[in-house]
Amino acid sequence: MADRGSLADPVTVRSELQAEAAPDQVAQARIRLQDLDRQLAEDFDAGAPTALLLARRADAVDDLLRVAWKREKAPGCALFATGGYGRGQLYPHSDIDLLILRDQNTSPDAIAQCVGRFLSALWDAGLKPGHSVRTLGACREAAGDLTVFTSLMEARLLSGSDNAPAALAATLASEWPAARYLEARRASQRERHARFNDTAYNLEPNIKEGPGGLRDLDTLRWIALRLTGDGSLQHAESAGLLTAPERSALESATAHLARVRFALHRAAGRAEERLLFDHQRQLAREAGLTDEHAGNLAVEQFMQAWFRAAQTVDRLNEQVSRRAGEALARAAGTQQTQALDARWQLIEGALAAVDTVSSLGATELFEPFAWLARRADIVGFHSSTTALVDRSVAELGPKFREDAAVGPAFMDLLRGGGDVSRVIAAMGRHGVLAEVLPAFGKVTGRMQYDLFHVYTVDQHTLFVVRNLLGFAHRDSALTALGHTLWRRQPKTELVLLAGLFHDIAKGRGGDHSELGEVEVRNAAPRLGLGAADAGFVAWLVRQHLLMSVTAQKHDIADPEVVHRFATEVADTERLDALYLLTVADIQGTSPRLWNAWKAQLLEDLHAAARHALRRGLADPVGAAERVATIRQEALLRLESSGVTPAEAAAMWQPLPDYAVLRLGAERLAWATVELMAQRGSAVQIVARAVGGDALDLIVNAPDRDGLFATVTAVLDRQGFDVVEARATGTRDGRVLDLFRLLPRSDLVETLEVAGERMVASLREALSSTTLHVRPARRRLSRQLRHFTVPLRAEFRDLPRPPRTQLSLVCADRPGLLARVAASFQECNLRVHDARIATFGERAEDFFELTGSDLQRLDIAQQDRLLATLRQRLEDGDD
């Protein structure tokens, strides 16, 4: 959204606004302002600089206010513009912030009516004024508040005595000394960033208040204004708060953010500050962007440009803040220095080069980052170090990438120990990582247009590296198994490198895993990797989704599934590294994705595959052998429960082998104890909390039509999402339904209390002679409405036992599984297995079905089911 060209000021509009008021002056002024807004919109579309448009609108509103204020003739008062309007910038739907400064000898009552009529006129003119009426004394008192002080600090006189600005400035002069103001601004920004830096704001960023947004630009200017008396970027450069390249980068980012905000206000028709999904596609079209391919949509290009500009603002805001603090410390004579070696020192805890170091060579460029890894007490780079790194990278240019020693030096950092994640983040922030790994620069700020990936690709990658390094510490490891496996890794730097490369080819079109493998092999010689190490990393990158897909979409209780996975992995070193990368990747994609269910799935798959590899792939474990092992392990667990082996064997007799495989030893033992306690009940229901965030549910009931549909409908109404469901017919005419449940975010009770309530509801529903509970109807969320996933159903015959597998891909929506189950009931089908997987707005579910005759579905049954699913899932919003 680049600005282009310039246009003249609206002289005619200004002169008319300044003319003597006619009786219908306000109405006419509103029309003129509307005409100006239309003209500004046309000029915006023509590419006029946004800063010019904002100034033109502010000028026009200035004139309108002066006319309206002059008409009221409020005694002893001056009118000031404050806030963004005070800086002479006014977006299409921004508020008009005003200060009415009254003489202390003028009573409030004397001007109350004048002020009231003045504000009413502004409302009638279509403006949204926000105002305060204060004396100089009241301004001094109110200035104890940081926000009020800042607003008054940049107040601009619109009408009144020419002495008023000087009087106001003199009143504020002793308030908020520079050092105190800087620290308060830093604290305020940290608090604001914390509020606007959750995953929701990553998907739909707040362009004003979020990290790197326009408020950060304001903060940068406010700091410069308080320290130097001038908040312009030009003056910030001359005062040493910005370098010339930084000022240029900041001006470019500022222009982009301003243009996005102008376009957003216009698209929303109000003062909208969030880049909601409602507007992202429209703004991308208006910016002239087009879809390159499915992996690089116009909206993704638009958001990448936004995030890159925001990253520039965020980084340079930090630079100005740091330089301001350093300048104040020098002026106060409190700056403390500590020598580290002949080249590096600490200044107030920040890393700085000694005066004799004026530039850094290719390998020397890694020195400051190595210090960050070695010394946790270093608070960061001194501003001089940042300038040194930036200057050195620019001076080296292509020579940096071409230097044969750069790759090995980077690998030394990865294997060097210490806080490597901090080092990688710093290298990314300073642009060095993109120089070492050029492909990384292409995914900087890269956002995928979906609800699954809540971070930009570069940010996600840094989180994955952080998560991998967390495995080194037992207390911060995501899983205890991960800590054990990390300590076994002979070359942890190779796993870290795989983390850096695993998504590096996103946005190019094609399979990013395959393209990422190519990137690894191309980079390997430059990084100094031998053939074996390069092959190891390349395999991890190509297969980084293998374990999560196998665990979530296939039956890992099936020995054949485990054997296929183990065959693909081939050795335990790959298996361990793939487990580590998978866990770090899932948790780094979105905090909401990681839960006890996924943790257990991955641990179970790792254990089963490791056993298969140790046994030997030429001699796979058979189902009968696995069933016998599970039964034996379950009996050992039951020894202290009071359940005898004979009682357990009698209870297990009706269970087919695949039911035992799916239960596993621990859950089989638990279910045996709980269900035996309910012997004599037609319907037996047990539930327990697992992992702190999930529930296991078992329903053992007589087989009848509508059982699965009724259970899923009740679970949906009770606030639970089903992530795994297994329906097993037993030899005595009953059905054993196994569920793994996760509570929805709107659950207000403890998990245990909610589980008890859910079990009671299930008992009541299943006690009915006729089973039929309608799925709850809830409206689609605002976000889900913006994503369309065409319904796709694929059928495949399974050999043993004879069933039909349905692979269903569709848009996620409230109560989806309950709707699908109701479709099965309507078509007189039986559900024997369900694998539920949701990826943002996309649901990918697998079901094993039969007809009521327990045979595979014929073509007519498949067609009827597909038609029923379309009707239930595509019948409009609820």
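This is a predicted model, so every value here is computed, not measured.

For the protein chain, the helix and strand inventory stands at 38 helices and 17 strands. Taken along the three principal axes of its C-alpha coordinates, the protein chain extends 100 × 75 × 50 Å. The burial tally for the protein chain puts 54% of its 878 residues in the buried class. Restricting to contacts in the protein chain with at least 6 residues of sequence separation, those with at least 24 account for 71%. Of the roughly 37000 Å² of accessible surface on the protein chain, a fraction of 50% belongs to carbon and sulfur atoms. For the protein chain, the distance from the average site of its 105 positive side-chain charges to the average site of its 116 negative ones is 1 Å.

Turning next to the nonpolar core. Core analysis: the biggest nonpolar cluster contains 104 residues, and F410, M427, L468 and L497 have the highest contact counts within it. Those residues in contact with L468, other than ones at most four positions away along the chain, are W486, V495, L496, G499, L580, L581 and A584. Listed in part, the 80 residues of the second largest apolar core include L54, C77, Y85 and L780.

The end-to-end C-alpha distance of helix α34 (residues 657-676) is 20 Å, clearly below the 28 Å that 20 residues give at a rise of 1.5 Å each. Where α34 bends most, the angle comes to about 100°, and this point is G664. Across the 20 residues that make up α34, a large majority, 15, are buried.

What follows concerns the confidence of the model for the protein chain. Looking at the protein chain as a whole, the pLDDT averages 90, with 96% of positions reaching at least 70. Of the regions scoring below 50 in pLDDT, residues 4-23 engages in 33 contacts with residues more than four places distant in sequence or in other chains.

Now for the packing of helix α29 (residues 559-569) against helix α30 (residues 572-589). Interaxial distance between α29 and α30 falls to 8 Å at its minimum, and their mutual angle equals 105°. When the axis of α29 is compared with that of α30, the two are roughly perpendicular. Judged by residue contacts, F565, E568 and V569 of α29 engage R574, L575 and L578 from α30. Of the residues belonging to the contact of α29 with α30, the class tally is four nonpolar, no polar and two charged.

Right, let's get into unusual backbone geometry. Phi is positive for W176, close to 50°, though the residue is something other than glycine. With respect to the element layout, W176 can be found in the loop between α8 (164-172) and α9 (178-195).

Our next topic: the sheet that holds strand β6 (residues 344-347). Strand order in this open sheet of four strands is β5-β6-β7-β8, and the pairing throughout is mixed. Both edges of this open sheet fall to β5 (337-339) and β8 (380-381), since each of them pairs with a single strand only. In this sheet, β8 lies alongside strand β7 (residues 350-353) in parallel orientation, the contact comprising two bridges. By the bridge assignment, L351 is partnered in β8 with F381. The sheet strands contacting helix α17 (residues 383-396) are β6, β7 and β8, and the helix crosses β7 at an angle near 55°.

Moving on: the pattern of salt bridges. A pair can form between side chains of opposite charge whenever their charged atoms are brought close. For the coordinates displayed, the defined rule picks out 65 salt bridges. Between E72 and R71 there is a salt bridge, and its shortest N-O distance comes to 3.9 Å. For R401, the salt bridge identified is with E435, shortest N-O distance 3.2 Å. Linking R401 in helix α18 (residues 398-402) with E435 in helix α21 (residues 432-436), this pair joins segments that are 34 residues apart in sequence. Through salt bridges with shared partners, a single ionic network connects R87, E154, R192, E209, R215, D216, D218 and R221.

In sheet architecture, strand pairing relies on hydrogen bonds along the backbone and comes in two forms, parallel and antiparallel. Here four strands make up an open sheet; going across it, the order is β3-β2-β1-β4 and the pairing mixed. Among the strands making up the open sheet, the edge pair consists of β3 (129-134) and β4 (156-159). Neighbour-to-neighbour, the strand axes of the sheet open up by a mean angle of 30°, direction not taken into account. Here strand β1 (residues 77-81) pairs with strand β2 (residues 96-102) via five bridges, running antiparallel. Bridged to A78 within β2 is L101.

Where α8 is concerned, the buried positions are A164, L168, T171 and L172. Projected down its long axis, α8 carries its buried residues within an arc of 90°, all on one side. For α8, the exposed residues set more than 90 degrees away from the buried face come down to A166 and A170. Buried positions along α8 lie against β1, β2, α6 (136-142), α7 (146-153), β4 and α11 (214-228).

Before going further, it helps to examine the packing of helix α19 (residues 406-415) against helix α20 (residues 420-429). Each pair of packed helices gets described by two things: the angle between the helix axes and the distance between those axes. Put simply, α19 and α20 touch, their axes get as near as 9 Å, and they point 140° apart. Of the possible angle classes, the one that applies to α19 and α20 is oblique. Of α20, the residues touching α19 (which contributes F410, L413 and L414) are V420, V423, I424 and M427. Counted by class, the contact of α19 with α20 contains seven nonpolar, no polar and no charged residues.

A regular strand places its side chains on the two faces of the sheet in alternate fashion. For β2 and β3, the ladder comprises six bridges, and the chain directions are parallel. Looking across to β3, one finds that D97 is bridged to G130.

In protein chemistry, a disulfide is the covalent bond that joins the sulfur atoms of two cysteines. Applying the stated rule across the entire model yields zero disulfides. A disulfide-free cysteine, C114 has its sulfur positioned 8.0 Å from the sulfur of C77, the nearest such atom. Distance from the sulfur of C827, which forms no disulfide, to the nearest cysteine sulfur (C810) is 15 Å.

With respect to the element layout, C827 can be found in the loop between α37 (816-826) and β15 (829-835). The exposure class of C827 is buried, given its relative accessible area of 7%. With 41 residues separating them in the primary sequence, C827 and T868 have C-alpha atoms 7.9 Å apart. Once residues lying within four places of it in the same chain are set aside, the contact partners of C827 are R864, L865 and T868.

Note that P656 resides in the loop between α33 (645-652) and α34. In this structure P656 comes out as buried when scored by relative accessible area, which is 10%. In the structure, P656 is positioned 29 residues away from V627 in sequence and 9.8 Å away in space, judged by C-alpha atoms. If near-sequence neighbours (up to four positions away) are discounted, P656 is found in contact with T728, G729, T730 and R731.

Under the defined criterion, the tally for this structure stands at 12 aromatic pairs. An angle of 40° between the planes, with centres 4.8 Å apart, marks the rings of Y449 and F787 as tilted. Pair noted here: Y449 is in the loop between α22 (438-442) and α23 (457-470) and F787 is in the loop between α36 (751-766) and β13 (792-798), with a separation of 338 residues, a long-range link. Taken individually, Y449 and F787 each receive the classification buried, so the pair is uniform in this respect. Within the aromatic cluster, the residues linked to one another by ring pairs are F277, Y449 and F787. In this arrangement the basic side chain of R156 is found over the ring face of Y85, its NZ or CZ atom lying 5.4 Å from the centre.

Take the environment of L220 next. Following the sequence through the fold, L220 ends up in helix α11. Classification of L220 by relative accessible area gives buried; the value is 2%. Taking the C-alpha atoms as reference, L220 lies 5.6 Å from N317; in sequence the two are 97 residues apart. Not counting residues within four places of it along the chain, the set of residues in contact with L220 comprises L233, L250, L316, N317 and V320.

Scoring rules and cut-offs
Residue indices follow the written sequence of each chain, beginning from 1 at its first position. The predicted origin of the model limits local features to residues at a pLDDT of at least 70 and limits the giving and counting of side-chain atom pairs to 80 or more, whereas totals for whole chains, interfaces and linings rest on all residues. Each side-chain value is worked out from all heavy atoms of the structure, with water and hydrogens disregarded. Segments assigned H or I by DSSP are reported as helices when at least four residues long, segments assigned E as strands when at least two residues long, and all are numbered from the N terminus. Three exposure classes are used, based on accessible area relative to the maximum for each residue type with a 1.4 Å probe and protein chains only: buried under 20%, partly exposed in between, and exposed over 50%. Only heavy atoms matter for contacts: two residues are in contact if any of them lie within 4.5 Å across the pair. Accessible surface is estimated by sampling points in the Shrake-Rupley manner with a 1.4 Å probe; for residues, cover comes only from the protein chains shown. Positive: Lys, Arg. Negative: Asp, Glu. His and the chain ends are not part of the count. By convention, the charge on Lys lies at NZ, on Arg at CZ, on Asp at CG and on Glu at CD. The definition of a nonpolar core used throughout is a set of buried Ala, Val, Leu, Ile, Met, Phe, Trp, Tyr and Cys residues joined through side-chain atoms within 4.5 Å. One less than the residue count of a helix, multiplied by 1.5 Å, gives the span that helix is expected to have. One fitted axis covers the seven residues ending at a residue, a second covers the seven starting there, and the bend at that residue is the angle between these axes. The pLDDT value expresses, per residue, how confident the predictor is, ranging between 0 and 100. Axis lines are fitted through C-alpha atoms, for helices just across the contact stretch, and the angle between N-to-C directions can take any value from 0 to 180 degrees. Note on angle classes: values under 35 degrees are labelled roughly parallel, values over 145 roughly antiparallel, values of 65 to 115 roughly perpendicular, and the remainder oblique. Under the grouping applied here, Gly and all other residues not named as nonpolar or charged are polar, the nonpolar ones being Ala, Val, Leu, Ile, Met, Phe, Trp, Tyr, Cys and Pro and the charged ones Asp, Glu, Lys and Arg. Pairing between two strands requires that DSSP report at least two bridges joining them. Each salt bridge in this description consists of a side-chain nitrogen of Lys or Arg and a carboxyl oxygen of Asp or Glu lying within 4 Å of one another. This arc describes the spread of directions from the helix axis toward the C-beta atoms. In what follows, a disulfide is any cysteine sulfur pair within 2.5 Å. A pair of Phe, Tyr and Trp rings is counted when the ring centres sit within 6.5 Å of each other, with Trp represented by its six-membered ring. The angle between the planes then sorts it: under 30 degrees is stacked, over 60 is edge-to-face, the rest tilted. The rule for a charge over a ring is simple: NZ of Lys or CZ of Arg within 6 Å of the ring centre, and within 35 degrees of the ring normal.

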